[in-house]
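Here is how the chains run, residue by residue.
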Amino acid sequence: MRIMLGYLARFITSTGGAEKVCCEMANELVRRGHEVSIVYCYGESGRPFYPLDQKVRMYNVMAEHPGKWHGTKTIRLPLKEKIEREIFRVFSVPRAHGVQDTYMGNLIKEDLKAITERENPDVIVSYWPKDSSCFIHFAEVQVPVITMFHFGPDILARDASPVSAESCVKSRKVQVLLPGDVERLHRYIPKADAVWIPHAVPQYEEQANLATVKGRYKIVNMARLDKTTKRQHIIVEAFAQIADRFPQWDVELWGQDWNKKYKKELENLIRRNHLEKRISLKGMTKDVLSVYLKADIFAWPSSHEGFGLALMEAMSAGIPAVACKSCLASSELIPKECGILAEDGVQAFSDGLAQLMKNQELRIQMGAAAKESTGKYAPEKIWDQWEQLIVSCAGTGK
């Protein structure tokens with residue numbers, strides 16, 4: 001089969017979970033004998049951060065007609081549309097998003113249609129609802145589209161523009177990541193044909209040795225530096241409250257620092273608490289397993305997540321987690337025997353960390369249970385579900 005993956009956003013220079021899933025899906029489908037292409041929309045052309053099979057064909061919509069984009073690296077709204085968007089935002093977030101979706105859709109529709117006709121895919125897997133609107137509503141491609149949700153419906157569906165919501169209805173299937181997401185999606189888009197397929201989680205043969213007596217112990221977080229969603233400042237503030245009680249413990253924050261202002265805030269927060277020698281911003285790594293194998297606790301204070309791939313990878317390496325129960329992904333993915341689900345807030349998160357930091361036997365028990373719990377997300381099981389879905393959608397015809 002010929003399968004096109006549509007990721008109409010920043011892709012080449014991004015290191016997030018959705019980009020990782022896209023590359024892993026492409027690699028697996030190629031391994032299973034399918035022809036795969038990825039179409040993206042960003043000024044820089046090239047290969048992505050994550051490993052990608054050389055057989056995967058890549059198309060940059062913005063590279064189709066370089067002069068048309070005037071050398072820009074991303075699509076920016078003109079002043080008129082910006083003003084219109086901000087006016088709508090006051091009373092309707094979906095309509096505000098509609099301004100941006102409509103501008104982008106009209107801008108790229110001809111190039112997107114040309115690429116689709118050139119590739120002639122049997123199925124398009126679209127990575128965001130707004131991307132589906134570009135294929136279905138604007139480019140009007142006559143190909144079955146599967147729409148993916150990488151955030152929960154309480155964010156993506158609730159705030160979806162009218163054209164994005166309509167495109168979800170017109171999609172052959174809408175894939176969601178958590179069991180409860182099917183019901184949550186139908187609250188906002190009742191006619192969407194939803195299916196639950198979680199992310200594939202690597203099943204590491206190695207496991208963090210939590211029973212070792214160490215000179216130093218580590219709390220680790222793996223996520224882009226982000227104040228609203230990932231909230232690494234909660235880890236810093238929580239650790240600052242108990243650092244004196246646990247002098248053998250350190251914190252490592254791993255991830256891309258897109259937001260330079262937030263990185264500076266974290267650095268200042270660390271400095272104000274005199275923790276420069278105990279909390280470090282480590283930047284990016286492609287070898288996440290080596291980080292996890294040296295960790296003792298995975299700290300995950302996210303306010304919301306689509307799935308929490310880094311969380312599940314850490315659990316697969318046998319690390320117990322401390323997370324916020326208010327985050328739906330955390331509450332649905334972390335069984336009580338695998339980690340601590342704390343109330344939202346610095347004090348509760350600090351208490352959760354301390355509960356594990358002071359009890360090595362509890363860390364060992366929860367780490368083993370965490371590793372076992374990820375078996376249901378083994379890649380072979382998940383990719384089998386995806387292949388069956390793609391083939392069934394292609395079978396419905398163009």
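Going by the structure above, here's the rest.
Residues numbered from 1 in each chain as written. Predicted model: local features only at pLDDT ≥ 70, side-chain atom pairs only at ≥ 80, totals over all residues. Heavy atoms only, no water.

*Asks:* Would you take a moment to explain the overall build of the chain for this structure?
*Replies:* Summing up its helical and strand segments, the chain has 16 helices and 13 strands in all. If you line up the chain on its principal axes, its C-alpha atoms span 60 × 45 × 40 Å. Here the chain holds 398 residues, and the buried ones make up 55% of them. On the chain, roughly 17,200 Å² of surface is accessible, and the fraction owed to carbon and sulfur atoms is 51%. For the chain, the separation between the mean place of its 54 positive charges and that of its 49 negative charges on side chains is 4 Å. (Helix = DSSP H or I, 4+ residues; strand = E, 2+ residues; numbered from the N terminus. Buried < 20%, exposed > 50% of the residue type's maximum accessible area, 1.4 Å probe, protein only. Areas by Shrake-Rupley, 256 points an atom, 1.4 Å probe, with all protein chains shown as cover. Lys, Arg positive; Asp, Glu negative; His and termini not counted. Charge placed at Lys NZ, Arg CZ, Asp CG, Glu CD.)

*Asks:* Can you help me understand the layout of surface pockets in this one?
*Replies:* Gaps left between atoms are located by rolling a probe of water-molecule size over the structure's atoms. Quantified by volume, the second largest pocket comes out at close to 150 Å³. What lines the second largest pocket is a set of 14 residues, and nearest its centre among them are Asp-154, Ile-155, His-304, Glu-305 and Leu-328. Counting residues per element, the ones that place at least two in the lining of the second largest pocket are helix 6 (153–156) and helix 8 (181–188). Of the residues forming the lining of the second largest pocket, the biggest block, three residues, is contributed by helix 6. Taken together, the residues of the lining of the second largest pocket break down into five nonpolar, five polar and four charged. (1 Å grid on protein atoms, 1.4 Å probe; cavity = no way out; pocket = protein on both sides within 12 Å on 5 of 7 lines; lining within 4 Å. Points joined across faces, edges and corners; volume = space filled by probe spheres on them. Nonpolar A, V, L, I, M, F, W, Y, C, P; charged D, E, K, R; others polar.)

*Asks:* What exactly am I supposed to notice about the pairing of strand 5 (residues 145–148) here?
*Replies:* The side chains of a regular strand alternate, residue by residue, between the two faces of the sheet. The two faces of strand 5 match: Val-145 and Thr-147 on one face and Ile-146 and Met-148 on the other face are all buried. By the bridge criterion, three bridges tie strand 4 (residues 123–126) to strand 5 in an arrangement that is parallel. Residue pairing across strands places Val-125 opposite Ile-146, the latter belonging to strand 5. In this fold, strand 4 hands off to helix 5 (residues 129–138), which returns the chain to strand 5; that crossover is right-handed. (Pairing = 2+ DSSP bridges. Right-handed = clockwise from strand over helix to strand, strands pointing away.)

*Asks:* Any chance you could explain the pattern of salt bridges here in plain terms?
*Replies:* Side chains bearing opposite charge may pair, as long as their charged atoms lie close to each other. Applying the stated rule across the entire model yields 30 salt bridges. Glu-86 is the salt-bridge partner of Arg-85, the closest N and O atoms lying 2.9 Å from each other. Residues participating in the shared-partner salt-bridge network are Glu-28, Arg-31, Arg-32, Glu-380, Asp-384 and Glu-387. (Salt bridge = Lys/Arg side-chain N within 4 Å of Asp/Glu carboxyl O.)

*Asks:* Just checking my understanding: could you explain the nonpolar core for this structure?
*Replies:* In this structure, Leu-5, Val-125, Tyr-127, Phe-298 and Trp-386 are the most contacted members of the largest nonpolar core, which totals 82 residues. Per-element accounting of this core gives the leading share, eight residues, to helix 1 (residues 17–31). Residues contacting Phe-298, with those up to four places away along its chain left out, are Val-220, Asn-221, Met-222, Tyr-292, Ala-310, Leu-311, Ala-314, Ile-319, Pro-320, Ala-321 and Val-322. Among the nonpolar cores identified, the runner-up in size contains 32 residues, and Phe-246, Val-322, Leu-356 and Met-366 belong to it. (Core = buried A, V, L, I, M, F, W, Y, C linked by side-chain atoms within 4.5 Å. Contact = heavy atoms within 4.5 Å.)

*Asks:* What exactly am I supposed to notice about the packing of helix 9 (residues 232–242) against helix 10 (residues 260–272) here?
*Replies:* For any two helices packed against each other, the geometry is given by the interaxial angle and the distance between the axes. Between helix 9 and helix 10, the least distance of the axes is 10 Å, while the angle of their chain directions is 0 degrees. As the angle between them shows, helix 9 and helix 10 are arranged roughly parallel. The residues of helix 10 that touch helix 9, namely those facing Gln-232, His-233, Val-236 and Glu-237, are Tyr-262, Leu-266, Leu-269 and Ile-270. (Axes fitted to C-alpha atoms, helices over the stretch in contact; angles between N-to-C directions. Parallel < 35°, antiparallel > 145°, perpendicular 65-115°, else oblique.)

*Asks:* I tried to follow helix 14 (residues 346–357) on my own but got confused; where do I start?
*Replies:* Note: α-helices contain 3.6 residues per turn, so residues at a spacing of three or four share the same orientation. For helix 14, built from 12 residues, the straight-helix expectation of 16 Å at 1.5 Å per residue is met to within 8% by its first-to-last C-alpha distance of 16 Å. Every buried residue of helix 14 is listed here: Phe-349, Ser-350, Gly-352, Leu-353, Ala-354, Leu-356 and Met-357. (Expected span 1.5 Å × (residues − 1).)

*Asks:* What's the story with the sheet that holds strand 11 (residues 297–300) in this structure? I'm lost.
*Replies:* To summarise the sheet geometry, strands pair through backbone hydrogen bonds and adopt either a parallel or an antiparallel arrangement. Strand order in the open sheet formed by six strands is 10-9-8-11-12-13, with parallel pairing between adjacent strands. Strand pairing shows two members of the sheet lacking a second neighbour, strand 10 (279–283) and strand 13 (339–342), which therefore form its edges. Each strand of the sheet is rotated relative to its neighbour by a mean of 25 degrees, with strand direction disregarded. Where strand 8 (residues 217–222) and strand 9 (residues 249–254) come together, six bridges link them in parallel fashion. Looking at strand 9, one finds that Ile-219 is bridged to Val-251. Strand contacts of helix 14: strand 8, strand 9, strand 11, strand 12 (321–324) and strand 13, with the helix running at about 165 degrees to strand 12, the strand carrying the most contacts.

*Asks:* What is the right way to read the packing of helix 1 against helix 16 (residues 379–394) from this model?
*Replies:* As a packed pair, helix 1 and helix 16 sit with axes 11 Å apart at the nearest point and diverge in direction by 75 degrees. Relative to helix 16, helix 1 is oriented roughly perpendicular. Facing helix 1, whose interface residues are Val-21, Glu-24, Met-25, Glu-28, Leu-29 and Arg-31, helix 16 presents Glu-380, Trp-383, Trp-386 and Ile-390. Of the residues in the contact of helix 1 with helix 16, the class split is six nonpolar, no polar and four charged.

*Asks:* Can you help me understand the environment of Ile-197 in this one?
*Replies:* With respect to the helices and strands, the residue Ile-197 is situated in the loop between strand 7 (194–196) and strand 8. Each C-alpha atom, one on Ile-197 and one on Trp-383, is 9.3 Å from the other, the two residues being 186 residues apart in sequence. Aside from chain neighbours lying at most four places away, what touches Ile-197 is Gln-175, Val-176, Leu-177, Ile-382, Gln-385, Trp-386 and Leu-389.

*Asks:* Explain unusual backbone geometry to me, please; I cannot follow it from the model alone.
*Replies:* Backbone geometry at Asn-120 places phi at a positive 50 degrees, although glycine is not the residue there. Tracing the sequence through the fold places Asn-120 in the loop between helix 4 (93–119) and strand 4. Its relative accessible area of 44% is what places Asn-120 among the partly exposed residues. Residue Glu-140 is not a glycine yet carries a positive backbone phi of 55 degrees. Looking at the secondary structure, you find Glu-140 in the loop between helix 5 and strand 5.

*Asks:* Sorry if this is basic, but what is going on with the sheet that holds strand 2 (residues 35–40) here?
*Replies:* An order of 3-2-1-4-5-6-7 is seen for the seven strands of this open sheet, with the pairing classed as parallel. Single-partner strands in this sheet number two, and they are strand 3 (57–60) and strand 7. Across the sheet, the mean angle separating the axes of adjacent strands is 25 degrees when strand polarity is ignored. Across six bridges, strand 1 (residues 2–7) lies against strand 2 in parallel orientation. Across the sheet, Arg-2 pairs through a bridge with Glu-35, a residue of strand 2.

In short, shape yes, function no, at least from these values alone.
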